[in-house]
Amino acid sequence: MKKVAIICEFNPFHNGHKLLFDRVRAFFAPEEVCLVCIMSGNFVQRGTLSVMSKYKRAEIAADMGADLVLELPFPYSASYAQSFARAGVHIASSLGDIEYLAFGSESNDGEKILDCAEKLASAEFENALSDMLKESRNTSEPYASVRSRVFEKLYGKELLSKPNDILAIEYLLAISDSGSNIKPLFIRRDKDFSASESRGYIYSGDASLEHVIPESVYEKTVSAEKFPQHLPDAALVLFLANSEAIDVACASEMNFDLASRLVSAARSGKYKTVKDLLSAVATKKYTHARIRRALNNAFLGVKASELENMPEYTVLLSSSEAGRRALREFSKSAKINILATKSAHNKLDGLAAEQYALSEKADRTFYFFASENTSENKPYVKK
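In this text, all values refer to a predicted model and were calculated from it rather than measured experimentally.

Definitions and cut-offs
- Residues numbered from 1 in each chain as written.
- Predicted model: local features only at pLDDT ≥ 70, side-chain atom pairs only at ≥ 80, totals over all residues.
- Heavy atoms only, no water.
- Helix = DSSP H or I, 4+ residues; strand = E, 2+ residues; numbered from the N terminus.
- Rg over C-alpha atoms; globule rule 2.2 N^0.38 Å.
- Buried < 20%, exposed > 50% of the residue type's maximum accessible area, 1.4 Å probe, protein only.
- Phe/Tyr/Trp six-rings, centres within 6.5 Å; stacked < 30°, edge-to-face > 60°.
- Lys NZ or Arg CZ within 6 Å of the ring centre and 35° of its normal.
- Polar contact = N/O pair within 3.5 Å; in protein donor to acceptor, adjacent residues only side chain to side chain.
- Contact = heavy atoms within 4.5 Å.
- Salt bridge = Lys/Arg side-chain N within 4 Å of Asp/Glu carboxyl O.
- Lys, Arg positive; Asp, Glu negative; His and termini not counted.
- Core = buried A, V, L, I, M, F, W, Y, C linked by side-chain atoms within 4.5 Å.
- Pairing = 2+ DSSP bridges.
- Axes fitted to C-alpha atoms, helices over the stretch in contact; angles between N-to-C directions.

1. Comments concerning the overall build of the protein
Secondary structure assignment for the protein yields 16 helices and seven strands. The C-alpha atoms of the protein give 21 Å as radius of gyration, which agrees with the globular expectation for 383 residues (21 Å, within 12%). Considered along the principal axes of its C-alpha atoms, the protein spans approximately 60 × 55 × 50 Å. Counting over 383 residues, the protein shows a buried share of 52%.

Laid out in structure tokens, this is it:
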């Protein structure tokens, strides 16, 4: 049985994800495939909350053919592309018996992605980037823009810049840097399906959702409890207004300049919503997604140093019979804690316990701002 990992968010699960599953299985047919999904928790990479709880998203993924859904915990799930990819690859590698990591990309060009990853990992590029970053230190040019400019100057071609292409490159770099034996599996990604579009239909109640969600899980998707996209405006703006910039600046993806802008704007009394606050302080250097992530990190007390270590645990969110067989195999060789029972976290200690406590804090925050009658916040759901 081939064990294939997919690092994902399924926020929500749509027809494009179903195609990914189908194409992975078809690639290895007629051999049996165990799909191991390493899925974001309740906070996701764009700096938002997930549209449904991680347990409901895992349940729907299992309905659609995922054999094992393990959590990519906070804060890695809500971090920038490099950190998100490194943490996901680390979990997949630490399970001990994953052969492939499957992913799609906008370019659908495996050779070009590999070429970009190899060039980005070269000493030539790293030295040139370091020099350019020193020159650009006092400008508003974002890191991604500097990196792309250096790449084009050195190699006479553009660096892939679409979100899934970027993640694909980061997956390859993470595999290489970690010395993992996992092989990349490039899967053609259709451009017709968008998680962002699907979320828009869900939040607005648009009937067009039925055209982008698999029919077999449509009712479960529309009937699932929906959560706000963001933490409440009043809580975040008041938090900033009552904070000192030097303290806020310690958060991951934050710096003193951005922290000062945010605190000053919040204290001005002109901005009552985070959207207005973001419009006031966002620049080319500080995108809305980055500011959202940085603000969530500040609110939840996530320091940059906490993302330097890789996750030492993952949580079982859902599993099929094949997934449970794989889990028994992983338990013999895994170099990471797999929390498969409600009290399993009590056995964690040291860094793993600290990481779990931070993720638990994020989950408490997520559910606190949900409806009082939510039934979603029960751990270790099995399918």
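2. Some details on the packing of aromatic side chains
For the structure on display, the rule yields 15 aromatic pairs. Taking the centre distance of 5.5 Å and the plane angle of 85° together, the rings of phenylalanine 239 and phenylalanine 299 count as edge-to-face. Here phenylalanine 239 is found in helix H10 (residues 233-241), whereas its partner phenylalanine 299 is found in helix H14 (residues 288-300), with 60 residues between them in sequence. A connected cluster of aromatic rings, assembled from ring pairs, spans Phe10, Phe13 and Phe21. We note lysine 119 situated over the ring of tyrosine 155; from NZ or CZ to the ring centre the distance is 5.3 Å. The ring of tyrosine 100 has lysine 183 lying over it, and the distance from NZ or CZ to the ring centre is 5.0 Å.

3. Here we look at the side chain of threonine 365
Assignment of secondary structure puts threonine 365 in helix H16 (residues 350-368). In terms of polar contacts, threonine 365 uses its side chain to reach the backbone carbonyl oxygen of lysine 361, at 2.9 Å. Setting aside residues up to four positions removed in sequence, threonine 365 forms contacts with Leu231, Phe299 and Leu300.

4. Quick word on the pattern of salt bridges
As enumerated under the stated definition, the model contains 20 salt bridges in all. Put simply, lysine 2 and glutamate 99 hold a salt bridge, and the shortest N to O gap is 3.2 Å. Placement of lysine 2 in strand S1 (residues 2-8) and of glutamate 99 in the loop between helix H3 (81-94) and strand S4 (100-105) is noted, with a sequence separation of 97 residues between them. Lysine 2 gets classed as buried once you look at its relative accessible area, which sits at 17%. Of the charged contacts, one joins glutamate 329 and lysine 3 as a salt bridge, the two residues approaching to 2.7 Å between their closest N and O atoms. Note that glutamate 329 is positioned in helix H15 (residues 321-333) and lysine 3 in strand S1, a separation of 326 residues in sequence. Among the charged side chains, a network of salt bridges with common partners joins Lys56, Glu59, Asp63 and Lys220.

5. Notes on the side chain of arginine 292
Following the sequence through the fold, arginine 292 ends up in helix H14. Of the side chains with opposite charge, aspartate 233 comes closest to the buried, unpaired arginine 292, at an N-O distance of 5.1 Å. Engagement of the side chain of arginine 292 in a polar contact is seen with the side chain of histidine 230, the distance being 3.4 Å. Look past the residues within four positions of arginine 292 in its chain and what remains in contact with it is Arg46, Gly47, His230, Val274, Lys275 and Leu278.

6. Description of the nonpolar core
Of all hydrophobic cores here, the largest spans 76 residues; its most connected members are Phe21, Val24, Phe43 and Met254. Membership of the second largest hydrophobic core comes to 49 residues, among which are Ala5, Ile91, Cys116 and Val146.

7. Things to note about the sheet that holds strand S6 (residues 313-319)
Paired through their backbone hydrogen bonds, the strands of a sheet run either parallel or antiparallel. Reading across from one edge, S5-S4-S1-S2-S3-S6-S7 is the order of the seven strands in this open sheet, with mixed pairing throughout. Here the strands that pair on one side only, and so sit at the sheet edges, are strand S5 (183-188) and strand S7 (337-339). The sheet shows a mean angle of 35° between the axes of neighbouring strands, taken without regard to direction. Of the pairings in the sheet, the one linking S4 to S5 comprises six bridges and is parallel in character. Residue pairing for S5: serine 105 is matched across the bridge by arginine 188. Relative to the sheet, H3 contacts S1, strand S2 (33-40), strand S3 (68-72), S4 and S6, its axis offset from that of S1 by approximately 155°.

8. Quick look at unusual backbone geometry
Residue proline 12 follows asparagine 11 across a cis peptide bond; omega there is 0°. Secondary-structure assignment places proline 12 in the loop between S1 and helix H1 (15-28). The residue after alanine 29, namely proline 30, is reached through a cis peptide bond having omega 10°. Counting through the fold element by element, proline 30 comes out in the loop between H1 and S2.

9. Side note on the pairing of S4
Within S4, six of the six residues are buried, leaving the element largely enclosed by the surrounding structure. Side-chain alternation along S4 places Tyr100, Ala102 and Gly104 on one buried face and Leu101, Phe103 and Ser105 on a second face that is also buried. Here two bridges tie S1 to S4, and the two strands are oriented parallel to one another. Within S4, the position partnered with alanine 5 by the bridge is leucine 101.

10. What about the environment of serine 136?
When you line up the elements, serine 136 lands in the loop between helix H5 (123-135) and helix H6 (143-155). A residue is classified by how much of its surface remains accessible, and serine 136, at 9% relative accessible area, is buried. Filtering out sequence-adjacent residues up to four positions away, serine 136 remains in contact with Glu141, Val146 and Arg149.

Interpretation in functional terms is not warranted from these geometric data alone.
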